[in-house]
Amino acid sequence: MTLGLRCLLFAATWTLQLPAWADEPLVVAPATSEVRITTDFTGTEVQAIGSMRGPADLIIKLVGPQQEAKLSREIKLGPFWVGGDTVKMEGAPSLLFLYATAPIATILPPAEQQKYGLQLEGVPVHLEPHLQAHAEDDWRKAFFRLKERQGYYHEDDTAIKVFGNRLFIADMRLPGDLQVGTYTVETLVVKSGKVVGRNVGEFKVRLAGIERRVWSAAHDHSWIFGGLFTLLAMLLGFALNAIPYRRSR
Amino acid sequence: MELFLPIAHMDVNIVLILFYGALVGFLSGLVGVGGGFLITPLLIFTGIPPIVAVSSGAAQMAGTASGASYLHWRHGNIDFKMGLILLIGSWLGGGVGVYLAKILLRAGQFGNVVVFLYVILLGFIGVSMLIESLRAVLRAGAPAAGDARATLASKSLPRTLVERLPWQTAFPASGMRMSAVGPLVLGAAVGMLTSLMGVGGGFIMVPVMIYVLKMPTKIVVGTSLFQLLFTTAAVSVMQAGVNHSVDPFLALILILGSVMGTKLGARLGARLPAEKLRLILALVVVAVAVKMVVTLVIPPADIYDMTIEVR
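Small disclaimer: the values here were computed from a predicted structure and weren't measured.

Parameters at a glance
- Residues numbered from 1 in each chain as written.
- Chains lettered and ligands numbered in written order.
- Predicted model: local features only at pLDDT ≥ 70, side-chain atom pairs only at ≥ 80, totals over all residues.
- Axes fitted to C-alpha atoms, helices over the stretch in contact; angles between N-to-C directions.
- Helix = DSSP H or I, 4+ residues; strand = E, 2+ residues; numbered from the N terminus.
- Left-handed = near helix turned anticlockwise from the far one by under 90°.
- Contact = placed C-beta atoms within 7 Å.
- Nonpolar A, V, L, I, M, F, W, Y, C, P; charged D, E, K, R; others polar.
- Pairing = 2+ DSSP bridges.

Enquirer: Describe the packing of helix α9 (residues 202-211) of chain B against helix α10 (residues 217-243) of chain B, naming the residues involved and giving the relevant values.
Expert: Residue and element names in this part refer to chain B. Contact pair α9 / α10: the axes reach a minimum separation of 10 Å and the direction vectors enclose 145°. As α9 runs across α10, the sense of the crossing is right-handed. Two secondary-structure elements touch here, α9 through Gly202, Met205, Val206, Met209 and Ile210 and α10 through Thr217, Val220, Val221, Ser224, Gln227 and Leu228. Within the contact of α9 with α10, the residues separate by chemical class into 7 nonpolar, 4 polar and no charged.

What follows is the structure in structure tokens.
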């Protein structure tokens, strides 16, 4: 075991959070408390390291902050496909990753999966405007399908590595286009179809460095930012064309 | 080489964006269009949110047009009097267009109106330009007889109408006399399209100035760029102010690319005869129109599409 890992585990023992109903002692230390989005950010790997007692299955649920999405549907008008209606989808997490040591359906019965929100298509989504039940169902299905295709909702039963039935490491790969906010990492210990241990941690994703400054300027002083930047763009375009032109004269 | 864009909130390949900029700059230097009709769809295909694509595209066009305008000014290709009249028109039209866009947005029809405007306008202009410029290119080898016929044909209905309008004034740089109403209305129409379609309007302004106002092609290119510069600059400032949607990194990379392209285009434009320039513009316009029709007709892979509202 590396020295860093040993220190981490030591620190984790100090901040040990015992769930009120815990049958199984479970310690999880997310190796990251903050993900900073900078110029060269193209996604990152977040690790959760922990220890548990004895052989058991593990589920790690990574949930991103909520995000408002707009879904639109194309309709056929004569020979053309044109934009039809749009619906706002609210309340769903921007990202939902379910990691497990085995396919979740094989280690937990549906009722338990539902209780702990372990179904990709089971997260609550509110539609605006409200539609009839079967129509809402179509939109919901489309929402989950798009989320899964874009890689924001997925289930993975290979990402958790367990060592000697006690120590585990989960590598969670986050995409480059991340919603800023708080991400929660919920770890569940599963034995014979029941959740017997639970731990919740979190980390933050935020813009850092020049990205942060640009974003703030564009939002807090939008008119000044727009005016100055447009001027800069014009000057740059002018300078790049004019200076070599003069030199060649 | 990847770069994270703070406003678009995604990472993009710098080389790809540079290439887009160069492509658009090349067209801009060659035929005087800003390339908004090209850059916006290209950026959206890359996955950049439409509003960021439109707004950053405007900033890029302002940057490119300032450089290109300077080059044309040095060559004496700008009719400032004409440019100012066009500009007054386009700012007025732009204001009306913003209001119109708001009404359409509220009715939920904005997207459809924009697409059909694109197809109809680009299709009509592109095809008529293509026919005309092909004739001109074929005629170029023939002697004076063909030119006489061309002069005769140019006394068309719109031309005589323009001659009868009030506020007749001289445009020395273009070497012609006409009513100020013509360019004012043209500017207003283009300004409205800038608000509705996120384009500089060069692809409409250039053909109208060539075929209806009968201005010399080289002056048309310079003057169109001059008008474009101030229209897109105004749009860029407003988009940043109202929608916070101008991504500075994106716009700067596009400008760098387009400056390289513009030089190449302007150099080639000075060497190519006017009718060939028009033929190139016609081909580009037709190609974009065809592409849009194709995307309208082909059934989408997924009829649903998702956009993220707030980051």
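Enquirer: Tell me about the sheet that holds strand β8 (residues 126-128) of chain A, and name the residues and values.
Expert: Ordered by their spatial adjacency, 4 strands build an open sheet running β8(A)-β6(A)-β5(A)-β5(B), and the pairing between neighbours is antiparallel. Edge strands, defined here as strands with exactly one partner in the open sheet, are β8 of chain A together with β5 (304-308) of chain B. Looking at each pair of strands side by side, their axes are set apart by 35° on average, direction ignored. In the sheet, strand β5 (residues 69-77) of chain A pairs with strand β6 (residues 80-90) of chain A via 8 bridges, with the strands oriented antiparallel. If you follow A:Glu74 over to β6(A), its bridge partner there is A:Gly83.

Enquirer: Describe the interface of chain A and chain B, and please don't skip the residues or the numbers.
Expert: Opposite the 47 residues of chain A that make contact, chain B presents 45 residues. With 16 residues, the top contributor of residues to the side of chain A that touches chain B is helix α6 (residues 222-248) of chain A. When its residues are assigned to classes, the side of chain A that touches chain B shows 25 nonpolar, 15 polar and 7 charged. Where β5(A) lies against β5(B), 5 bridges are found, and the strand directions are antiparallel. Across the sheet, residue A:Arg73 finds its bridge partner in β5(B), namely B:Tyr304.

Enquirer: Please give an account of the sheet that holds strand β9 (residues 153-156) of chain A that cites residues and values.
Expert: Residue and element names in this part refer to chain A. An order of β2-β13-β12-β4-β7-β9 is seen for the 6 strands of this open sheet, with the pairing classed as mixed. Looking at the sheet topology across the chains shown, the edges are occupied by β2 (34-37) and β9. With strand direction ignored, the average angle separating the axes of adjacent strands in the sheet is 15°. Across 7 bridges, strand β4 (residues 57-63) lies against strand β12 (residues 181-191) in antiparallel orientation.

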